[in-house]
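Summary of the model geometry
So the chains spell out like this:
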Amino acid sequence: MDLLTYCTACKRDIKIKSNAETRPDLQMEKGDTFQVNCNNCGTSEKKHVNDVRAEKSNLIILIGAGIGLLVTILLSVYLGLIGTIGLVIPFLFWKQQTGTTKSFNGYMVRRK
């Protein structure tokens with residue numbers, strides 16, 4: 001899951017480096033408002049935790065697809081048809097990314 005906010009100066013997304021799974025976790029880590037620097041235009045802005053949105057990480061889904069393909073090939077060579085079970089692995093990675101993104105975006109912190 002990638003955490004992004006919007007730069008008001010250059011109108012581009014700014015990626016926030018955090019491992020927070022939920023908005024309250026991000027609030028505990030960074031505070032209600034925190035300073036964000038845009039890598040594109042160099043401006044520094046204060047952003048509220050509610051201004052951050054989550055998006056699915058395509059890298060994680062691609063890693064899941066690679067693992068699924070590898071497991072499918074290995075199982076089909078050794079076990080035959082049962083190797084198609086490995087096709088479920090990328091779906092599980094996608095489902096996990098969708099769930100965490102939905103839970104992050106679905107909860108807002110009360111502004112003070």
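Strands sit in the order S2-S1-S5 across an open sheet of 3 strands; the sheet is antiparallel. Looking at which strands have only one partner, the edges of the open sheet turn out to be strand S2 (13–16) and strand S5 (53–55). Strand-to-strand twist of the sheet, defined as the mean angle between neighbouring strand axes without regard to direction, takes the value 45°. Across 4 bridges, strand S1 (residues 2–6) lies against S2 in antiparallel orientation. Residue pairing in the sheet places Thr5 in a bridge with Ile14 of S2. In the packing of helix H3 (residues 88–105) onto the sheet, contacts are made with S1 and S5, and the angle to S5 comes to roughly 170°.

Another aspect to go through is the pattern of salt bridges. According to the stated counting rule, one finds 4 salt bridges in the structure shown. Of the charged contacts, one joins Lys15 and Asp2 as a salt bridge, the two residues approaching to 3.5 Å between their closest N and O atoms. Here Lys15 is found in strand S2, whereas its partner Asp2 is found in strand S1, with 13 residues between them in sequence. In this structure Lys15 comes out as exposed when scored by relative accessible area, which is 54%. In this structure Asp2 comes out as partly exposed when scored by relative accessible area, which is 22%. Among the salt bridges present, the one from Asp13 reaches Arg53, with a minimum N-O distance of 2.9 Å. Taken together, the positions of Asp13 in strand S2 and Arg53 in strand S5 put the pair 40 residues apart, joining distant regions of the chain. Several salt bridges share partner residues, and in doing so they unite Asp13, Arg53 and Glu55 into one network.

Conventions and cut-offs
- Residue positions are given per chain, counted from 1 along the sequence in the order it is written.
- Residue-level local features of this predicted model are given only where pLDDT is at least 70; pairs of side-chain atoms are given and counted only at 80 or more, and the full residue set underlies all totals for whole chains, interfaces and linings.
- Only hydrogens and water are removed before side-chain values are computed, so all heavy atoms of the structure are retained for them.
- Strands are labelled as partners when DSSP assigns at least two bridges between them.
- Where helices and strands are cited, they refer to DSSP runs of H or I of at least four residues and of E of at least two residues respectively, numbered from the N terminus.
- Where helices are involved, their axes are fitted lines through C-alpha atoms of the stretch in contact, as for all axes, and angles between N-to-C directions lie from 0 to 180°.
- Throughout, a residue-residue contact means that at least one pair of heavy atoms, one from each residue, lies within 4.5 Å.
- For this document, the term salt bridge refers to a Lys or Arg side-chain nitrogen within 4 Å of an Asp or Glu carboxyl oxygen.
- Residue burial is assigned from relative accessible area. The probe radius is 1.4 Å, only protein chains are included, and a residue is buried under 20% of its type maximum, exposed over 50%, and partly exposed in between.

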